[in-house]
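Analysis of the macromolecular model
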Amino acid sequence: MDIKEKIEELVEKIQSDKTILEKFRKDPVATVEGLVGIDLPKDQLEKLAEAVKAKIGMDKLGDALGGLGSLFGRK
């Protein structure tokens, strides 16, 4: 299993479905466990959930920063 690829896959699934996104916000580890589809130790699930959270946060930050460009006449 390629971890980076799996994180990207999870981020895409979570961001594309509002129900899954809400579930992820409430219980990220359980949501990741359900989406992964393989049995992983709890500590690995927690690390994977943290990586997904970080990636989702970075995506939102990138979108927000992209919008700031228009404040300065850039697009």
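Computed from a prediction, not measured in an experiment: that's the story for all the values here.

The next subject is helix H1 (residues 3-16). With 14 residues, H1 should reach 20 Å at 1.5 Å per residue; the first-to-last C-alpha distance of 20 Å fits that figure. Those residues of H1 that fall on the buried side of the exposure criterion are Lys6, Ile7, Leu10, Val11 and Ile14. The buried side chains of H1 occupy one side of the element, clustering within an arc of 135 degrees when seen end-on. Opposite the buried face of H1, at more than 90 degrees from it, the exposed residues are Lys4, Glu5, Glu12 and Ser16.

Attention now goes to the nonpolar core. Across soluble globular proteins, you tend to see nonpolar side chains buried next to one another. Counting residues in each nonpolar core, the largest one holds 16 residues, and the members touching the most others are Leu10, Ile14, Val32, Leu48 and Val52. Broken down by element, the residue count for this core peaks at five residues, all from helix H4 (residues 42-68). Look past the residues within four positions of leucine 10 in its chain and what remains in contact with it is Val32, Leu35, Val36, Leu48 and Val52.

What counts as what
- Residues numbered from 1 in each chain as written.
- Predicted model: local features only at pLDDT ≥ 70, side-chain atom pairs only at ≥ 80, totals over all residues.
- Heavy atoms only, no water.
- Helix = DSSP H or I, 4+ residues; strand = E, 2+ residues; numbered from the N terminus.
- Expected span 1.5 Å × (residues − 1).
- Buried < 20%, exposed > 50% of the residue type's maximum accessible area, 1.4 Å probe, protein only.
- Arc of directions from axis to C-beta.
- Core = buried A, V, L, I, M, F, W, Y, C linked by side-chain atoms within 4.5 Å.
- Contact = heavy atoms within 4.5 Å.

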